[in-house]
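Each chain, letter by letter, is given below.
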10 protein chains.
Amino acid sequence: MDFLVRVDASRAYGLPEDERIALIERERERGLELMAENVIRHFWRVPGTHANVGIWSAPDADTLEEALTSLPIHPYADIEVTALATHPMSRMREAAA
Amino acid sequence: MDFLVRVDASRAYGLPEDERIALIERERERGLELMAENVIRHFWRVPGTHANVGIWSAPDADTLEEALTSLPIHPYADIEVTALATHPMSRMREAAA
Amino acid sequence: MDFLVRVDASRAYGLPEDERIALIERERERGLELMAENVIRHFWRVPGTHANVGIWSAPDADTLEEALTSLPIHPYADIEVTALATHPMSRMREAAA
Amino acid sequence: MDFLVRVDASRAYGLPEDERIALIERERERGLELMAENVIRHFWRVPGTHANVGIWSAPDADTLEEALTSLPIHPYADIEVTALATHPMSRMREAAA
Amino acid sequence: MDFLVRVDASRAYGLPEDERIALIERERERGLELMAENVIRHFWRVPGTHANVGIWSAPDADTLEEALTSLPIHPYADIEVTALATHPMSRMREAAA
Amino acid sequence: MDFLVRVDASRAYGLPEDERIALIERERERGLELMAENVIRHFWRVPGTHANVGIWSAPDADTLEEALTSLPIHPYADIEVTALATHPMSRMREAAA
Amino acid sequence: MDFLVRVDASRAYGLPEDERIALIERERERGLELMAENVIRHFWRVPGTHANVGIWSAPDADTLEEALTSLPIHPYADIEVTALATHPMSRMREAAA
Amino acid sequence: MDFLVRVDASRAYGLPEDERIALIERERERGLELMAENVIRHFWRVPGTHANVGIWSAPDADTLEEALTSLPIHPYADIEVTALATHPMSRMREAAA
Amino acid sequence: MDFLVRVDASRAYGLPEDERIALIERERERGLELMAENVIRHFWRVPGTHANVGIWSAPDADTLEEALTSLPIHPYADIEVTALATHPMSRMREAAA
Amino acid sequence: MDFLVRVDASRAYGLPEDERIALIERERERGLELMAENVIRHFWRVPGTHANVGIWSAPDADTLEEALTSLPIHPYADIEVTALATHPMSRMREAAA
C-alpha cells in the first residue's frame, strides 16, 4: 500500500549546529536503508524548505509507523501521512500494458 | 487496518427534498451492509452537522476506496481519511489481558 | 457519552530526553489505567506524528476533563475534543441485532 | 452539560425570499420552545452575520443532536459544537456563595 | 454589552512549574473578583485544553480591555474577543415573560 | 465605541446584473445615510475585491447590529466585526494635545 | 523536472450525471495518453475524495501547464502544483547503485 | 509603487461556455492594454489553475483599484493584493550599477 | 495613501520583563512621533490581545516600510499590511459636502 | 523558468542581535551575487514584515534549490515556492511587439 508522506524537519534547525549536522548524517544513513528496502520508493525535496515529500510503501499503517519512528529526525519532525489508493487509470494502463 | 473517516454530506442538502430523502434511505441501507461486514466498526454523528465520524476497517486503501465509492452519498460527500496505526498502549493492554 | 479526542504531544519533545522518557513512561501507566476503567475505549497512533486519536467515554465533559488533566503529558499537550452523538444507523443496527 | 453552539444560516439566504422568511418564522417558534425548555440557556447574534452563538444545555450529545436537528434551519445551517466543562473557578465561586 | 471571550494560557506552560502554579493562583484570585463584579458572567473550561471560554459583560471594549489586562495570565495568554448582540429571539422571550 | 467592520459582497455577484446594480444603488444610499449619522466614520475599498473595510461607531453591539442589518446588501454579505478599544497611545496623545 | 500535482474534481459533480460520466470518460482517455507519454509518471486516488494525486514530469512549468489545460476536467478542477527538487539522498542512492 | 496581484477566475467557469469564452476574449484585450500602459509589468499563469499572478504598478491603491475594476472578469474574480516596498538589496544593486 | 496595519507584539512577551517594559516605553515614544507626523492617523488596541490596529498614511509602501521598521518593537512584531483604496461612497460624500 | 519565492526570516530574530546582524550582512552579499547572476530577477520587501517576495529564475527546481540553500538565512527561513508558467497574454504581447 502506498502513502504520500511529507516530513518537515524545521524544528531540528533549533538544535546546536554540530548536533544538527550529526543528526542529518544519521538520518541519511537510515533513509538510504529504507530506500534499499523499497519502503521509500520515491523521494524529493520541496525547494527552499526543510521538508521532503516521498512515496512510501508499507503493507499497513503499523509498518509505516515503525519505519517513520525509526528516523533519527522523528522527535523533531512534523509528519503528514496521506493514504493512497490505486487509481482506476493506473489499472487501465496496466491492463493495456 | 483502521481508518478514521469523516463524511460530510452538506452538499446533498442542495438537492430537491424528495431526492435527498430517497438518497439518505439508500445511504442507510448501504451503511448497514458495511456495518454487517464489519467495514464500518464504529460510527457517530457529529452533533448539529451533516457529518459522521467513523472507524472503518479495511486491509488497505484500495478496499477502503471501494467501500467509500459504494456509498450512494459519495458524489455529494466531502470525505477525509486518516490512516491509523496501533498504539503501543493498545499492544501493552492486549499483552496484559 | 463518547468523545473523539486527539492528543498531540509534540511540545513534550522540547524537554531534555531523560525527562521526556520518564514522562512518557508515567503517561503510559496512566493511560493503561484509563483503558482498564473503559474511559479510553479505542486508541490509535496517527502514523509519523506525536499524536494519538482515541474514543473516550465519560458521562459528561466534567468527567472527561478530569481524565484528561490526570494525564502526565497534559501540560505539554495540545488536545482537541469533539463530542459524538449516536448515529441513527447505529441505532438501526442495534435494533436489528 | 453545557455546549457552546454556533449556528450559521448563511446558506438559507440562497432560498427564494418568501421561503426564507417563512423558514425563519418557524425557526423562531422552535427556538422559543427550546428556550422555554431551558435547552437554549443563553443566546446572542454575532453582529452583522447570519450566525448566532448560544449556550445550550443537554444531558448528553444525543439529546443535543435531537434539539439541533429539530431546528427548521438545520438543513441549511453550518453548526459548530464545543463541549464545555465546569471551570474550577466556577466551583470555587459556588462554594464561596 | 456581552462579549464571548476565549483565553488560551498554553504559553504559560513554558514557565518553570513553581512560577506557573503561583501565576495560576493569582489568576484565580483575580478571576473570582471579576466574577463577583459580574464582569465574568459565565465561565467554562474547554475540556483537555489550557483554554477557558466565558461570557464577559462590560459597557464597552475599553472597560473590557481593562478587565482583560488586569489578568495576571495576560502576558502569556492568547485571547479572542467576539462582540455579541442581543438576539431577536431573546427579546421575544423577554417580552413574552 | 469603535468597530473594525469588513463587508464582503462577493455573493451579490451571483445575482442577475440588473438586480445587482439596483441593489448597489440602494446600498450606497443607505451607506451615505449611515455616514451622515457618523455611524460609518471611515470607509475604504480593499483594492480588487468586492469588500470594504470601515470604522463604524456605535454605543454597543446591538446598535451596530441594527445598522448592519439595515444594509440592503446584508442578505448577500459576509461581515466580520472586530471590537476596538482605545489605545493607551491615543489617550497619551489626547492628553498631550 | 517533477511536480506533485493534486487535481480535485468535486465541482464536476455539480454537472448533470450524463454530462459528468461523458466528461470522466474523455478525462480517462486523455489521462492514459499523458501516462503513455510519461508526463504522468505516478498516479493515485485519495481514498473517498474526488481528487487524485500524481507525480507529473515536464521540462518546465509551461509544458506542465499545457498538459494540465489539455485535461477535459480542467474547467471544473481545483489543481495544486508543487515543484519538486531531487533530494540529496536520491543522488546518493543513484551514485551507490 | 508595485503590487503583487493574484486574480483567480474560477467562478467565471460557472458561466455558460460561450459567455465565458467571450468574457475571456474581452479580458485579454483589456489586459493587453494594461500591459501596454505598463500597469501590468509582469504576468504569469499559476500552472493548472484559473489564476494569474502579476506585478502591477500604480502610483497608489486608488489607481490600482481603477485598473482592477476595469477588468471584464472583475465581477467573477477573487483578487488578492499585496503592497510591495523596494528591498534594500535592490537599492544596493542600483547604487552599484 | 491609506493602509490598514495590524501589529502583533506577542513575541515581545518572551523577553525578560524589564527589557520588555523598556522596549514598550521606547515604542510609545516612537508611536507618538508617528502620530504627530500624521503617519498613524487612527489607532486602536484589539481588546485582550497584544495587537493594535491602525490606519497609517504614507505616499507609498516604501515610506510606510520606513515608518514600520523605525518601530522599536519591529524585530518582535508580526505585522499585516492591507492597502486601502478610496471608496466610491466616500467620494460621493465629499462631493455632497 | 520563473518561480514566485517568498522568504520569511522571522525565526532569525530569535538569534542574539550581533549574530543576526552578521547573518543579514552575509545574506545581502549572497543576494547581490544571485541578482548579478540574474537568478533573482525582481525583489521586494513585504512592508512591515521580515519577509521578501521575489521572482527567481532557474532552469529547474534543482537549480533553484541550490540557489535557495546557498542563502545564509536558509536554516532560519520559512520559504514558499510557486512555479510560474508563461501567461498567454504575455505571449500575445511579445508576438505583437
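Residues numbered from 1 in each chain as written. Chains lettered and ligands numbered in written order. Predicted model: local features only at pLDDT ≥ 70, side-chain atom pairs only at ≥ 80, totals over all residues. Heavy atoms only, no water.

Under an unreviewed UniProt entry, the name given to chain A is Muconolactone delta-isomerase, and the source organism is Prauserella muralis.

A. The relation of the copies chain D and chain E, seen in detail. Superposition of chain D onto chain E requires a rotation of 180° combined with a translation of 0.0 Å along the rotation axis, giving an RMSD of 0.0 Å. Each copy turns onto its partner about a two-fold axis. A shared interface surface links the copies, since 97% of the contact residues of chain D are contact residues in chain E too. (Least-squares fit on C-alpha atoms with pLDDT ≥ 70 in both. Contact = heavy atoms within 4.5 Å.)

B. Fine view of the sheet that holds strand S3 (residues 51-57) of chain E. Spatially, 8 strands are ordered S1(D)-S3(D)-S2(D)-S4(E)-S1(E)-S3(E)-S2(E)-S4(D) in a closed barrel, and the strand pairing comes out antiparallel. Here the average twist between neighbouring strands, direction ignored, is 35°. Sitting on the sheet, helix H1 (residues 17-36) of chain E touches strand S2 (40-45) and S3 of chain E, and the angle it makes with S2 of chain E is about 140°. Sheet strands in contact with helix H3 (residues 88-96) of chain E are strand S2 (40-45) of chain D together with strand S4 (78-86) of chain E, and its direction is about 130° off that of S2 of chain D. (Pairing = 2+ DSSP bridges. Helix = DSSP H or I, 4+ residues; strand = E, 2+ residues; numbered from the N terminus. Axes fitted to C-alpha atoms, helices over the stretch in contact; angles between N-to-C directions.)

C. Spotlight on the interface of chain C and chain E. Residue-level contacts link 10 residues of chain C with 9 residues of chain E. Sorting the residues of chain C by area buried against chain E places Glu65, His74 and Pro75 of chain C first, and these three jointly supply 51% of that buried surface. Of the charged contacts, one joins Glu65 of chain C and Arg45 of chain E as a salt bridge, the two residues approaching to 3.0 Å between their closest N and O atoms. The interface formed by chain C and chain E includes 4 residue pairs in polar contact (both at pLDDT 80 or more). Sorting the residues of the side of chain C that touches chain E by element identifies helix H2 (61-69) and strand S4 (78-86) of chain C as the ones contributing at least two each. (Buried area = accessible area lost by both parts, 1.4 Å probe. Salt bridge = Lys/Arg side-chain N within 4 Å of Asp/Glu carboxyl O. Polar contact = N/O pair within 3.5 Å; in protein donor to acceptor, adjacent residues only side chain to side chain.)

D. Here's a closer look at helix H1 (residues 17-36) of chain G. Taking 1.5 Å per residue, 20 residues should reach 28 Å; H1 of chain G reaches 29 Å between its end C-alpha atoms and fits that length. Along H1 of chain G, the residues that are buried comprise Arg20, Leu23, Glu27, Arg30, Gly31, Leu34 and Met35 of chain G. Projection of H1 of chain G onto a plane perpendicular to its axis shows the buried side chains occupying an angular sector of 140°, all on one side. Turned more than 90 degrees off the buried face of H1 of chain G, the exposed positions are Asp18, Glu25 and Ala36 of chain G. The elements touched by buried residues of H1 of chain G are helix H3 (88-96) of chain A together with strand S2 (40-45), strand S3 (51-57) and helix H2 (61-69) of chain G. (Expected span 1.5 Å × (residues − 1). Buried < 20%, exposed > 50% of the residue type's maximum accessible area, 1.4 Å probe, protein only. Arc of directions from axis to C-beta.)

E. Inspection of the nonpolar core at higher detail. The biggest cluster of nonpolar side chains holds 54 residues, and the ones touching the most others in it are Phe3, Val5 and Trp56 of chain C together with Phe3, Val5 and Trp56 of chain D. The residues touching Val5 of chain C, leaving out its near neighbours within four places in the chain, are Asn52, Val53, Gly54, Trp56, Leu64, Leu68, Ile79, Glu80 and Val81 of chain C. Membership of the second largest hydrophobic core comes to 52 residues, among which are Ile73 of chain A, Ala67 and Leu71 of chain B together with Met89 of chain G. (Core = buried A, V, L, I, M, F, W, Y, C linked by side-chain atoms within 4.5 Å.)

F. View of the environment of Pro59 of chain I. Assignment of secondary structure puts Pro59 of chain I in the loop between strand S3 (51-57) and helix H2 (61-69). A relative accessible area of 56% places Pro59 of chain I in the exposed class. Once you skip the residues sitting within four places of it in the chain, Pro59 of chain I turns out to touch Pro59 of chain H together with Met1 of chain I.

G. Highlighting the relation of the copies chain C and chain E. When chain C is fitted to chain E, the residual RMSD is 0.0 Å, and the transformation amounts to a turn of 72° plus an axial shift of 0.0 Å. A rotation of that kind, with that shift, is consistent with a five-fold axis. Taking C-alpha positions as reference, the residue of chain C nearest the rotation axis is Gly14 of chain C, located at 8.6 Å.

H. Representation of the side chain of Ser10 of chain J in the model. Turning to its location among the elements, Ser10 of chain J is positioned in the loop between strand S1 (2-8) and helix H1 (17-36). Overall, Ser10 of chain J belongs to the buried group, its relative accessible area being 17%.

I. Inspection of the interface of chain D and chain E at higher detail. Taken together, the contact between chain D and chain E spans 30 residues of the former and 29 residues of the latter. The contact between chain D and chain E buries some 2,800 Å² in all, and 74% of this surface belongs to carbon and sulfur atoms. In terms of surface lost to chain E, no three residues of chain D exceed Trp44, His87 and Met89 of chain D, which account for 25% of the buried area on that side. At the junction of chain D with chain E, the criterion picks out 0 salt bridges.

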